[in-house]
Amino acid sequence: QVQLTESGGGLVQAGDSLRLSCTASGRTLSNSALAWFRQAPVKEREFVATIGKSGGTNYMESVRGRFFITRDNAKNTVYLQMNNVKPEDTAVYFCAARRPGGYSYSIESSDYVDWGQGTQVTVSS
């Protein structure tokens, strides 16, 4: 049974920092590209950040320079460090993993096969 579990969300103020974590059970993440997506109320899910097997990264324009995605294969975990958060960052954040193998990191949600349940991040102004 594959499960991805996010943690670290909560209520914060604009300008604060927090770190989201996502740990998998039932599969390894070490040979897969990984990503974070987010979804605000009445909006579609959108790409946030992705990281490849060798550490290459890509970010959506609005978070570049503020958010950083990292991975720890020994802990089977991917992180999203969120700095200088803004009210528009308020959303449910989801982690996701591609199929194991030679797939590159991607901004497309349809490329990911395993998803967490999400963790709420609320940023007050």
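Right above here is the structure, for reference.
Since this is a predicted model, take the numbers as computed values, not measurements. (Residues numbered from 1 in each chain as written. Predicted model: local features only at pLDDT ≥ 70, side-chain atom pairs only at ≥ 80, totals over all residues. Heavy atoms only, no water.)

(A) Quick peek at the state of the cysteines. Under the criterion given, the structure shown has 1 disulfide. The disulfide that involves Cys22 links it to Cys95, with 1.9 Å between the sulfurs. Given an S-S torsion of about 55°, the disulfide between Cys22 and Cys95 has right-handed geometry. With Cys22 in strand 3 (residues 18–25) and Cys95 in strand 9 (residues 91–97), this pair connects stretches of sequence that are 73 residues apart. (Disulfide = S-S within 2.5 Å. Helix = DSSP H or I, 4+ residues; strand = E, 2+ residues; numbered from the N terminus.)

(B) Structural view of the environment of Gln81. Note on placement: Gln81 falls in strand 8 (residues 77–82). Gln81 sits 60 residues away from Ser21 along the chain, and the two C-alpha atoms are 8.8 Å apart. Those residues in contact with Gln81, other than ones at most four positions away along the chain, are Ser17, Leu18, Arg19, Arg66, Phe67 and Phe68. A polar contact of 3.0 Å, which involves the side chain of Gln81, links it to the side chain of Asn83. (Contact = heavy atoms within 4.5 Å. Polar contact = N/O pair within 3.5 Å; in protein donor to acceptor, adjacent residues only side chain to side chain.)

(C) Quick peek at the pairing of strand 7 (residues 67–72). Burial along strand 7 is one-sided: the face carrying Phe67, Ile69 and Arg71 is buried and the face carrying Phe68, Thr70 and Asp72 is not. Pairing of strand 7 with strand 8, which is carried by 6 bridges, proceeds in the antiparallel orientation. Bridged to Thr70 within strand 8 is Tyr79. (Buried < 20%, exposed > 50% of the residue type's maximum accessible area, 1.4 Å probe, protein only. Pairing = 2+ DSSP bridges.)

(D) Here's a closer look at the side chain of Arg98. Relative to the helices and strands, Arg98 is located in the loop between strand 9 and strand 10 (114–115). A polar contact of 2.6 Å, which involves the side chain of Arg98, links it to the backbone oxygen of Ser104. Beyond its immediate sequence surroundings of up to four residues, Arg98 is in contact with Arg27, Ser32, Ala33, Tyr103, Ser104, Ser106, Asp111, Tyr112 and Val113.

(E) Molecular detail of the side chain of Thr119. Along the chain, Thr119 turns up in strand 11 (residues 119–124). By relative accessible area, which is 11% here, Thr119 ends up buried. A distance of 3.3 Å separates the side chain of Thr119 from the backbone nitrogen of Gly9, its partner in a polar contact. Once residues lying within four places of it in the same chain are set aside, the contact partners of Thr119 are Glu6, Ser7, Gly8, Gly9, Leu20, Ala91, Val92 and Tyr93.

(F) Fine view of the packing of aromatic side chains. Tallied over the entire structure, the rule returns 5 aromatic pairs. Members of the aromatic cluster, connected to one another through ring pairs, are Phe37, Phe47, Tyr112 and Trp115. A cation over an aromatic ring shows up here: Arg45 above the ring of Phe94, its NZ or CZ 4.1 Å from the ring centre. (Phe/Tyr/Trp six-rings, centres within 6.5 Å; stacked < 30°, edge-to-face > 60°. Lys NZ or Arg CZ within 6 Å of the ring centre and 35° of its normal.)

(G) Seen up close, the sheet that holds strand 3. As summarised here, the arrangement of the 4 strands in space is 1-3-8-7, forming an open sheet in which the pairing is antiparallel. If you trace the sheet from one side to the other, it starts and ends with strand 1 (3–7) and strand 7, each paired once. Direction aside, neighbouring strands of the sheet carry axes that sit 15° apart on average. As paired strands, strand 3 and strand 8 are joined by 6 bridges and run antiparallel to one another. Residue Leu20 lies in a different strand from strand 8, and its bridge partner there is Leu80. (Axes fitted to C-alpha atoms, helices over the stretch in contact; angles between N-to-C directions.)

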